[in-house]
Amino acid sequence: MARSLTAAASPADVFPGSLAATTTIESAATGTDIIARLTDVEKVYESEGVTLKALDHVNLTLRQRDFAVLVGASGAGKSTLLNVLGTLDRPTKGEVRIAGVDVGTQSDNALSRLRLTSLGFIFQSFNLVEVLTVFENIEYPLIIAGARPAVARDRVQWLMEQVGLTGHRNHRVTHLSGGQRQRVAIARALANSPKLVLADEPTAALDSKTGETILDLLNHLNDTEEATFLIASHDPKVMVHAKRTIKIADGTVIEC
Ligand code: ADP
């Protein structure tokens with residue numbers, strides 16, 4: 001069954017088998033700033049004899065440091081597009097390339113490794129590991145990726161400074177506010193310096209002031225980390241921060 005970015009996935013769902021994964025991900029082709037490219041992508045769902053085209057001949061290129069907002073009505077195909085870009089679901093047709101890798105030719109283990117090293121995920125409902133502290137939640141993907149303890153510690157420390165949580169280092173995440181939890185989730189998503197960060201309605205569970213602060217933070221990290229962000233959202237505030245708006249309707253991408 002396909003994993004979903006929007007379902008209540010834990011890091012273990014997003015990176016299953018990643019400890020065992022040893023496949024080396026080829027680096028992006030040199031001389032290009034293309035981070036992700038979808039070519040003629042189709043995603044067809046069939047249930048109870050009914051066929052539904054959730055993505056219809058989608059062509060989309062995301063470049064280094066894009067800060068793009070994906071907008072569209074409910075059912076337009078936003079989650080399906082995020083899941084395909086996040087390699088959590090495979091398209092029915094077409095080619096998906098992430099960080100120079102042709103996703104369709106990769107094993108499940110190789111895709112786990114790709115998600116761990118090149119992709120970051122931010123969920124509406126944070127999806128943190130509740131028994132872990134702030135530090136441990138952010139450190140978790142680094143440990144799975146095999147980072148040396150001192151390197152992991154320095155990276156977590158730096159990320160905690162970036163998201164303003166240094167004072168909460170040893171707090172369990174259950175003791176934090178929604179905005180603080182989303183900050184932990186953002187730091188965790190960036191732990192392994194992903195090339196592409198996918199966020200599904202990251203401000204939907206937050207009040208408007210906190211949502212604004214989170215957007216400022218994402219904008220800041222877009223600059224400092226040089227990562228590409230694609231944010232699915234209905235929130236008009238998110239669109240104000242967009243460097244690029246990508247519209248989707250009935251599974252078809254219409255770029256603005
Ligand atoms: P959005 O995120 O924009 O609300 P989705 O990508 O979730 O849209 O859904 C696009 C279309 O695909 C909708 O018509 C939805 O009902 C359908 N769909 C999504 N996931 C499945 C699935 N697993 N099985 C069947 N249909 C699905």
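Rules of the game
- Residues numbered from 1 in each chain as written.
- Predicted model: local features only at pLDDT ≥ 70, side-chain atom pairs only at ≥ 80, totals over all residues.
- Pairing = 2+ DSSP bridges.
- Helix = DSSP H or I, 4+ residues; strand = E, 2+ residues; numbered from the N terminus.
- Contact = placed C-beta atoms within 7 Å.
- Axes fitted to C-alpha atoms, helices over the stretch in contact; angles between N-to-C directions.
- pLDDT = per-residue confidence, 0-100.
- Near = placed C-beta within 6 Å.
- Nonpolar A, V, L, I, M, F, W, Y, C, P; charged D, E, K, R; others polar.

The subject of this paragraph is the sheet that holds strand β5 (residues 101–102). Strand order in the open sheet formed by four strands is β2-β1-β4-β5, and the pairing between neighbours is antiparallel. In this open sheet, the two strands that pair with only one neighbour each are β2 (50–63) and β5. Across 10 bridges, the pairing between strand β1 (residues 34–47) and β2 is antiparallel. Within β2, the position partnered with Leu38 by the bridge is Leu60. Along the sheet, helix α2 (residues 78–85) makes contact with β1, β2 and β4 (93–98), crossing β2 at roughly 60 degrees.

Scored by pLDDT, the protein chain comes out at a mean of 89, with 88% of its residues at no less than 70. Averaged pLDDT values for the elements of the protein chain fall to 47 in helix α1 (residues 11–14) and rise to 98 in β4. Segment residues 6–30 is flagged for pLDDT under 50; beyond a separation of four residues in sequence, or across chains, it makes 49 contacts in the model.

This brings us to the site of the ligand. Taken together, Tyr45, Ser47, Leu52, Ala54, Gly72, Ser74, Gly75, Ala76, Gly77, Lys78, Ser79 and Thr80 make up the full set of residues adjacent to the ligand. If you list the elements that add at least two residues to the shell around the ligand, you get β1, β2 and α2. The dominant element in the shell around the ligand, judged by the number of residues it contributes, is α2, at three residues. Residue composition of the shell around the ligand, by class: four nonpolar, seven polar and one charged.

In this structure, His57 takes a positive phi of about 45 degrees despite not being glycine. Take His57: it is sitting in strand β2.

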